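The residues making up each chain are set out below.
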Amino acid sequence: MWKYIGKKECNEFLLSLFLIDEKDSKKYINKLYSISNNIDNNYRIYKIKKRNGKLRTIYEPNSTLKYIQKQILKNVLEEKHISSFAKAYHKGVSLKDNALVHVNKKIILKLDIKNFFDNISFYQVYNSCFPIEYYPKSVGMILTYLCTYDGHLTQGSPTSSYISNLVMRDFDEEIGNYCVNNNISYSRYSDDMTFSGDFDVSELIIKVRKMLLKLGFELNKDKISIINKSRSQNVTGLVVNEKVQVCKKYRNKIRQEIYYIKKFGIESHLKKINSSLTKEDYIKKLLGRILYVLQIDENNKEFLEYKKYIKFLNGN
């Protein structure tokens, strides 16, 4: 389709995507090429500590590149179909949706993809998001450069999450259809894969590992988790043994705080726990945690009462 397209047509294609707030066509094109050719200079790179104490590298694009990536996400990527088995990073789905398919199951198997974003390559992004069938090659390449760093996808860019779903689309469909045919529930939330039902765990792990290897991914052996019905079955932070709900420890902590506030008053409670928060900020944070419980279990009468009480304390 693009065999006879020239530079002028490619530039017009880029202009039609509205990636930069620049009315001068020449400046628009020059700026895009300048940024894509010097992508290293448009990121701030730093590390944050993960829960396990290890460090995660974050690639934060500067304001101009971030704007461009947001436009690519809005004007190019979000119109592309992703698998229904993918439960993260797109509109209309949530943690609750990821957990719902695994309620009241005999076995839950949780698997993790090792170094997920770093192992999504430049050409996987190009082939999954901007292929030659739909984009002139030079346009697809420049869009890929604008969404990657040093030949791979990054954590910290607005486009990375949605791109990861597009890269994993065929995997999700193949493993998802296999699971449907074998009465196994499957969902993927970023690099976390969850399987539930009554099945041969070893057989499924082998199949998933082989499929991931074809894509250049590796299972994280340290994060393989098998949870039977007799234990608390947790899926992306939510308990799913009988229904989807926030874990008991989280709910009990809120109950405890409400009890002490009612017994001693909020000012005395804040003194007792040595909180540096103002009364207003503390109430705001506590209300946020209550609303999170209600987001997952909207008809929870106990927490609906807590919501009313906290709003009363806040003068609402």
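Our subject is the structure listed above.
Reading guide: rules and limits
In this convention, every chain numbers its residues from 1, walking through the sequence in written order. In keeping with the model being predicted, local features are shown solely for residues with a pLDDT of at least 70 and side-chain atom pairs are shown and tallied solely at 80 or more, while totals for entire chains, interfaces and linings include all residues. Hydrogens are left out, water is left out, and the side-chain values use all remaining heavy atoms of the structure. What counts as a helix is a DSSP run of H or I of at least four residues, what counts as a strand is a run of E of at least two, and both are numbered from the N terminus. Each residue's exposure class comes from its accessible area (1.4 Å probe, protein chains only) as a fraction of the maximum for that residue type: buried when under 20%, exposed when over 50%, partly exposed otherwise. Two residues qualify as a contact provided that any one of their heavy atoms is within 4.5 Å of a heavy atom in the partner residue. Here Asp and Glu are counted as negative and Lys and Arg as positive; His is not counted, and neither are the chain ends. Note that the charge is assigned to NZ on lysines, CZ on arginines, CG on aspartates and CD on glutamates. Here a Phe, Tyr or Trp ring, Trp counted by its six-membered ring, pairs with any other such ring whose centre lies within 6.5 Å, and the pair is stacked when the planes are under 30 degrees apart, edge-to-face when over 60, and tilted otherwise. The rule is short: NZ of Lys or CZ of Arg within 6 Å of the ring centre and within 35 degrees of the ring normal puts a charge over the ring. Note on pairing: DSSP must find at least two bridges between two strands before they are called paired. Residue count minus one, scaled by 1.5 Å, sets the expected span of a helix. Salt bridges are identified by distance alone: a Lys or Arg side-chain nitrogen within 4 Å of an Asp or Glu carboxyl oxygen. Each nonpolar core is a collection of buried residues, namely Ala, Val, Leu, Ile, Met, Phe, Trp, Tyr and Cys, held together in the definition by side-chain atoms within 4.5 Å. Counting rule for disulfides: a pair of cysteine sulfur atoms within 2.5 Å. Cavities and pockets were defined on a 1 Å grid built from protein atoms only: a cavity is a group of points that admits a 1.4 Å probe but offers it no way out, a pocket is an open group of points flanked by protein on both sides within 12 Å along at least five of seven lines, and a lining residue is one with an atom within 4 Å of any such point. Grid points are joined across faces, edges and corners, and a volume is the space filled by probe spheres set on the points. Gly is put with the polar residues, along with every residue not named as nonpolar or charged; the nonpolar set is Ala, Val, Leu, Ile, Met, Phe, Trp, Tyr, Cys and Pro, and the charged set is Asp, Glu, Lys and Arg.

Moving on: the overall build of the protein. Each helix and strand counted, the protein has 13 helices and nine strands in total. Dimensions of the protein along its principal axes, counting C-alpha atoms only, are 75 × 50 × 35 Å. Counting across all 316 residues of the protein, residues that qualify as buried make up 44%. Contacts in the protein between residues at least 24 apart in sequence constitute 68% of all its contacts with a sequence separation of at least 6. Positive and negative side-chain charges in the protein, numbering 54 and 34 respectively, have mean positions lying 6 Å apart.

Attention now moves to the packing of aromatic side chains. Here the distance between the centres and the angle between the planes together describe a pair of aromatic rings. Following the criterion strictly, the structure yields 15 aromatic pairs and no others. The interplanar angle of 75° and the centroid separation of 5.3 Å between the aromatic rings of Y43 and Y149 together place this pair among those described as edge-to-face. Remark: Y149 occurs in the loop between α6 (137-147) and α7 (160-167) and Y43 occurs in strand β1 (residues 43-49); sequence separation between them is 106 residues. On the basis of relative accessibility, which here comes to 10%, the residue Y43 falls in the buried class. Residue classification places Y149 among the buried residues on the basis of a relative accessible area of 12%. With a centroid separation of 5.4 Å and 65° between ring planes, the pair formed by Y259 and Y260 is classed as edge-to-face. On the accessibility criterion, Y260 (31% relative accessible area) is partly exposed. Within the aromatic cluster, the residues linked to one another by ring pairs are F13, F130 and Y135. Taking the ring centre of Y178 as reference, the NZ or CZ of K207 above it sits at 4.7 Å. When the ring centre of F264 is taken as origin, the NZ or CZ atom of K272, which lies over that ring, is 4.7 Å away.

For the rest of this paragraph, the subject is the sheet that holds strand β7 (residues 234-235). Sheet architecture is open: three strands sit in the order β7-β8-β9, paired in antiparallel fashion. The open sheet is flanked by β7 and β9 (245-246), the only strands paired with a single partner. Bridging between β7 and strand β8 (residues 238-239) involves two bridges; their strand directions are antiparallel. Bridge assignment links N234 to a residue of β8, and that residue is V239.

To continue, consider helix α12 (residues 279-296). Between its terminal C-alpha atoms α12 stretches 26 Å, which fits the 26 Å expected from 18 residues at 1.5 Å a residue. Listed in full, the buried residues belonging to α12 are Y282, I283, L286, L287, I290, V293, L294 and I296. Structurally, α12 contributes buried residues whose contacts are with α4 (95-100), β8, β9, α10 (248-264), α11 (266-272) and α13 (301-313).

This brings us to the pattern of salt bridges. Enumeration according to the criterion identifies 11 salt bridges in this entry. A salt bridge links K253 to E257, with the nearest nitrogen and oxygen atoms 3.0 Å apart. Linking K253 with E257, this pair stays in helix α10, spanning four residues, or about one helical turn. Between E257 and R289 there is a salt bridge, with the nearest N and O atoms lying 2.6 Å from each other. Separated by 32 residues along the polypeptide, E257 in helix α10 and R289 in helix α12 bring together distant segments of the chain. A residue is classified by how much of its surface remains accessible, and E257, at 5% relative accessible area, is buried.

In terms of nonpolar packing, the biggest core is built from 61 residues, with I72, F130, M193, F195 and V208 touching the most fellow members. In contact with F130, not counting residues within four places along its chain, are I72, V76, L77, V125, Y135, G140, L143, T144 and C147. Among the nonpolar cores identified, the runner-up in size contains 25 residues, and V103, V240, I258 and L270 belong to it.

A covalent bond between the sulfur atoms of two cysteines is referred to as a disulfide. With the rule as written, the count across this model stands at zero disulfides. This cysteine, C147, is not joined by any disulfide, and C129 carries the nearest cysteine sulfur, 7.3 Å off. Assessed through its relative accessible area of 0%, C147 is described here as buried.

A separate point is the environment of E174. Along the polypeptide, E174 turns up in helix α8 (residues 169-181). Remark: the alpha-carbon pair of E174 and R255, spanning 81 residues in sequence, is separated by 44 Å.

As a further point, take the layout of surface pockets. Here the largest pocket is characterised by a volume of approximately 1300 Å³. R56, D112, D191, D192 and K223 are the residues nearest the centre of the largest pocket, which is lined by 33 residues in total. Elements with a contribution of two residues or more to the lining of the largest pocket: β2 (55-61), β3 (107-112) and β5 (192-197). A class-by-class count of the residues in the lining of the largest pocket yields eight nonpolar, 11 polar and 14 charged.

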